[in-house]
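As a plain string of letters, each chain reads:
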Amino acid sequence: MENSSQNGFVDSPASAEFSVLNCVDLLSKDMENSVSLLKQACLDSGFFYVVNHGIDQDFMDEVFAQSKRFFRLPLNDKMKLLRNEKNRGYTPLLDEYLDPVNQVHGDYKEGYYIGIEVPEDDPLAQKPFYGPNVWPSDDLLPGWRQTMEKYHEMALKVAKEVARIIALALSLESDFFDKPEMLGNPIATLRLLRYEGGKNQLEGRASDPLKGIYGAGAHSDFGLITLLATDDVLGLQICKDKDAKPQIWEYVAPLKGAFIVNLGDMLERWSNCTFRSTMHRVVGNGQERYSIAYFVEPSHDCIVECLPTCQSEKNRPKYPPVRCETYLKQRYKDTHADLSSYKKQEM
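Calculation criteria
- Residues numbered from 1 in each chain as written.
- Predicted model: local features only at pLDDT ≥ 70, side-chain atom pairs only at ≥ 80, totals over all residues.
- Heavy atoms only, no water.
- Helix = DSSP H or I, 4+ residues; strand = E, 2+ residues; numbered from the N terminus.
- Rg over C-alpha atoms; globule rule 2.2 N^0.38 Å.
- Buried < 20%, exposed > 50% of the residue type's maximum accessible area, 1.4 Å probe, protein only.
- Contact = heavy atoms within 4.5 Å.
- Expected span 1.5 Å × (residues − 1).
- Phe/Tyr/Trp six-rings, centres within 6.5 Å; stacked < 30°, edge-to-face > 60°.
- 1 Å grid on protein atoms, 1.4 Å probe; cavity = no way out; pocket = protein on both sides within 12 Å on 5 of 7 lines; lining within 4 Å.
- Points joined across faces, edges and corners; volume = space filled by probe spheres on them.
- Nonpolar A, V, L, I, M, F, W, Y, C, P; charged D, E, K, R; others polar.

Visitor: I would appreciate a short explanation of the overall build of the protein chain in the present structure.
Guide: Along the protein chain, the regular secondary structure elements total 8 helices and 14 strands. What you see for the protein chain is a C-alpha radius of gyration of 20 Å, in line with the 20 Å of a compact globule of 347 residues. Considering only C-alpha atoms, the protein chain reaches an extent of 55 × 55 × 40 Å along its principal axes. The burial tally for the protein chain puts 54% of its 347 residues in the buried class. Within the protein chain, residue pairs in contact and separated by at least 24 positions form 77% of the contacts whose partners lie at least 6 positions apart.

Structural data, given as structure tokens:
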């Protein structure tokens, strides 16, 4: 269901559908209840809130402030930090095409990728998703790198806590995802995001599903889980049943101090589709919107295959085993502009 007005723009939130999500408290001493709430969410929508995660709100505000400082730089300065072959650095407006079937342009958002810092002379830097990050100079943005590195480290700790509850919900040992081949040596990527807006809603780039214009096209995430922090501007929508006709899209309301957590495709494969990697998109109303995504995937060499607890004689594995590195490389290639296109523009 596309909530659209006569001019094609998305209706106001007052007339839109909202999804009701479970809330998992990481400070709760009732682990049985936490596992139950998380499992119910994973079976229903693949989305839930996480609160009391240990990252102070003042620090979160600082991360958002530093993100805004970067995106408000002149385009020429940002393009000098264009993402490289390892997907580190700046992604301009329209760089990403998440739903090419329904989108007429790329996403109306710009972003910045920051991965786990690995020195160039480290043998691990030869792996496609490891290596040095692309950083703005300290003269350009004082303290920016330090803030982002600290946030990256803290978010990974939260992700590992959530993964332990997911393991219990899948009838596994709580430390199942802590193994070296999984989150012991993860591919963990922080992505700052800014969705196009203007001084008022009429000036901004409003999404129009009827015309194939989106802040972010419909997609599911690639990896294990995603932690999402947002400002207070609505935009994120989820579709619990992608095969429904018409599709029903519901807003996910921002919750101050909470992460919105969603499951990725690898977890759906691990769980043999017991847990859901749900399609979602961003539909903008013309207001500028900021969010911070933290994508968590296992190690490059991890083989993602159906878990023993998720298969039986009557429920055979639905997907063949796949190597994490192979899967991620293909998904990034399918959804991002070819870097050579930017080089051609410079000529």
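From this point on, the discussion continues.
Visitor: Sorry if this is basic, but what is going on with helix α7 (residues 324–335) here?
Guide: Two residues of an α-helix separated by three or four positions point the same way, owing to the 3.6 residues in each turn. The first and last C-alpha atoms of α7 sit 17 Å apart over 12 residues, in line with the 16 Å expected at 1.5 Å per residue. Where α7 is buried, its residues meet β4 (109–114), β5 (187–195), α6 (265–270), β12 (289–297) and β14 (322–323).

Visitor: So what exactly am I meant to see when it comes to the packing of aromatic side chains here?
Guide: As enumerated under the stated definition, the model contains 14 aromatic pairs in all. Where F70 meets W144, the ring centres are 5.7 Å apart and the plane angle is 45°; that geometry is what we call tilted. Taken together, the residues F70 in helix α2 (residues 57–71) and W144 in helix α4 (residues 144–169) connect sequence positions 74 residues apart. Look at F71 and Y290: their rings are 6.3 Å apart centre to centre, the planes differ by 45°, and that puts the pair in the tilted class.

Visitor: Is there a simple way to explain empty space enclosed by the protein in this structure?
Guide: Over the atoms rolls a probe the size of a water molecule, and in doing so it shows where empty space is left. Under the criterion given, the structure shown has 5 cavities of 30 Å³ or more. When its volume is computed, the largest cavity comes out at roughly 340 Å³. Around the largest cavity sit 26 residues that line it, and H219, D221, H280, A293 and F295 are the ones nearest its centre. Ranked by the residues each element gives to the lining of the largest cavity, the list is headed by β12, at 5 residues. Considered class by class, the residues forming the lining of the largest cavity number 14 nonpolar, 6 polar and 6 charged. Its volume calculated, the second largest cavity comes out at about 50 Å³. Forming the walls of the second largest cavity are K86, N87, R88, Y113, F129, I187, T189 and Y332.

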